[in-house]
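Architecture at a glance
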Amino acid sequence: MPNEKVQGVDGDLLVILRHAPHGSSWLREGLDAALVAAAFGRRVTLLFMGEGVTALVPGQANGPLGQKGTAPTLEMLEMYDIDTLLVEAEALVRFGLAVEGLMLPARAVAAAELPALTADHSLVLTF
Amino acid sequence: MRYAILLMGAPYSSQAAHSALRFARALVGRGHRLEGVFFYHDGVHNAARLATPPQDEPHLVDGWAALAAEHGVPLQVCIAAALRRGLLDEREAARHGKQGHSIEPPFELTGLGQLVDLGLHCDRLVTFGP
Amino acid sequence: MLLHILNRSPATSEVYRQALAAMGPADRLLMIEDGVQGALESLAGRFGDLQGRLYVLEEDLAARGLVPLSADSVIRVDMEGFVTLTEEAQRTVSWY
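Summarised in this report is the structure supplied together with it. (Residues numbered from 1 in each chain as written. Chains lettered and ligands numbered in written order. Predicted model: local features only at pLDDT ≥ 70, side-chain atom pairs only at ≥ 80, totals over all residues. Heavy atoms only, no water.)

1. Quick look at the sheet that holds strand 5 (residues 123-126) of chain A
Through backbone hydrogen bonds, the strands of a sheet pair up, either in parallel or in antiparallel fashion. Residues and elements named next belong to chain A. Filter applied, for reference: Here a strand pair is declared whenever DSSP counts at least two bridges between the two strands. The helix count covers DSSP runs of H or I at least four residues long, the strand count covers runs of E at least two residues long, and both are numbered beginning at the N terminus. As a rule, the C-alpha atoms of each element are fitted with a line to give its axis, helices using only the stretch in contact, and angles between N-to-C directions run from 0 to 180 degrees.
Ordered in space as 4-3-2-1-5, the five strands form an open sheet in which the pairing is parallel. The strands lining the two open edges of the sheet, one partner per strand, are strand 4 (107-109) and strand 5. Between one strand and the next, the sheet's axes are offset by a mean angle of 25°, whatever the strand orientation.

This is how it looks when you write it as structure tokens:
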């Protein structure tokens, strides 16, 4: 059948994180899915897009009602072998952030690189 | 082809669940296999046992259950997302000392590993968000 | 070739820009749910570069009374056509 995908055991997963910390559960739930995928042996790339780039602002704290937030989960990424963190360059500019000032090492990607990212991973999940 | 659906919208509040159920029926109608529906984020509300829409409105919970009964589709509900939102099956209710339960078969509480598994083994995974 | 699925109106949400940014030159975009507003003559121009690659789910247009206002350049599909689009693409990416 045309376009049937041939799957390797650890197909590459791209998780696109489009939401900011605290305001909704999307970022947390997206990261949880990414961590589990990595724990299951998949190679995972995280792309922070739009307001998602603010997930990497340093100095975050718990929420006012004691919500855990996502900074602690992000600190765990390295332990799960998720070391490919990409941030949308235009979004960094929009939010006045510099890639060097983020809480974790990340690579800025320009808009022109985005289509290749979605094309090159065997599964793309957006949160 | 082998399909999986990731559903992250609650019934009624947005169209996500409606679209997902329509899509599920259409793909099965075309002869594909639906290997599983994974309910995450607010999608876990699609498993709410006590959902009682008016008679003349779509009953999403029953719709998913019918799909499971007719085509053997596993209905997998993320346990962490479900518990946070008050959706517990009998086992979890007992475990946490709660009276009553809000999820029953064919819906099954599982971990995110099941979503990863579906993604690995299916030809297409389609996400429906709110 | 990927299929991108958009369920939000370009008039009320910026997510369509993110979808467009992530689309490759052969990728297709299917508008569903409130995203079908993007098929309106007055809004379809925002997807200008997608000639022949822009689709809309007809049943969602019909439910909203928007079929007569839908631009001819946008290709209407029914639910079975939606499934076909997912067969023809290597994978789908949902933008909500």
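Further notes follow.
2. With respect to the interface of chain B and chain A
The criterion, for reference: We call two residues contacting when some pair of their heavy atoms lies within 4.5 Å. A quick way to say it: buried area is the sum, across both parts, of accessible area lost when two parts are put together, with a 1.4 Å probe. We define a salt bridge as a contact between a side-chain nitrogen of Lys or Arg and a carboxyl oxygen of Asp or Glu at a distance within 4 Å. Polar contacts, as used here, are pairs of N or O atoms within 3.5 Å; protein pairs need one atom able to donate a hydrogen and one able to accept it. Residues neighboring in sequence count only if both atoms are side-chain atoms.
Across the boundary between the two partners, chain B contributes 20 residues, which contact 23 residues of chain A. Together chain B and chain A conceal approximately 1700 Å² of surface at their shared face, both sides included; 64% is due to carbon and sulfur atoms. Three residues, Tyr40(B), Val116(B) and Leu120(B), lead the burial of chain B against chain A; their summed loss comes to 29% of the area buried on that side. Across the contact surface, chain B and chain A share one salt bridge. Viewed at the interface, chain A and chain B are joined by five residue pairs in polar contact (both at pLDDT 80 or more).

3. Quick word on the interface of chain A and chain C
We count it as follows: Classification convention: Asp, Glu, Lys, Arg as charged; Ala, Val, Leu, Ile, Met, Phe, Trp, Tyr, Cys, Pro as nonpolar; all other residues, Gly among them, as polar.
Every contact between the two is made by 18 residues of chain A and, on the other side, 17 residues of chain C. Between chain A and chain C, a total of about 1400 Å² is buried, with carbon and sulfur atoms accounting for 54% of that surface. Linking chain A with chain C are eight residue pairs in polar contact (both at pLDDT 80 or more), by the criterion used here. Mapped by element, the contributors of at least two residues to the side of chain A that touches chain C are helix 4 (114-120) and strand 5 of chain A. Looking at the side of chain A that touches chain C, the element that brings in the most residues is helix 4 of chain A, giving four residues. When grouped by side-chain class, the residues that make up the side of chain A that touches chain C number 11 nonpolar, six polar and one charged.

4. Observations regarding the pattern of salt bridges
Put simply, the rule is: Relative accessibility thresholds used throughout: buried, under 20% of the residue-type maximum; exposed, over 50%; partly exposed, between the two (1.4 Å probe, protein chains only).
If you walk through the whole model with that rule in mind, you get 18 salt bridges over all chains. Close ionic contact of Glu88(C) with Arg28(C) constitutes a salt bridge, the shortest N to O distance being 2.7 Å. Residue Glu88(C) is found in helix 4 (residues 79-88), and its partner Arg28(C) is found in strand 2 (residues 28-31); the two are separated by 60 residues along the sequence. Look at Glu88(C) and you get partly exposed, because its relative accessible area is 35%. For Arg28(C), a relative accessible area of 19% gives the class buried. In this structure, a network of salt bridges that share partners links the residues Glu29(A), Asp42(B) and Arg85(B).

5. Considering the sheet that holds strand 5 (residues 124-128) of chain B
All names here are of chain B. Taken together, five strands build an open sheet; the order of strands is 4-3-2-1-5 and the sheet is parallel. Looking at which strands have only one partner, the edges of the open sheet turn out to be strand 4 (107-110) and strand 5. In this sheet, adjacent strand axes meet at a mean angle of 25° when their direction is disregarded. Sheet analysis places strand 2 (residues 33-39) next to strand 3 (residues 75-78), joined by three bridges and oriented parallel. In the sheet register, Phe38 faces strand 3, and the bridge partner there is Gln76.

Honestly, that's just the spatial picture; any functional story needs more than this.
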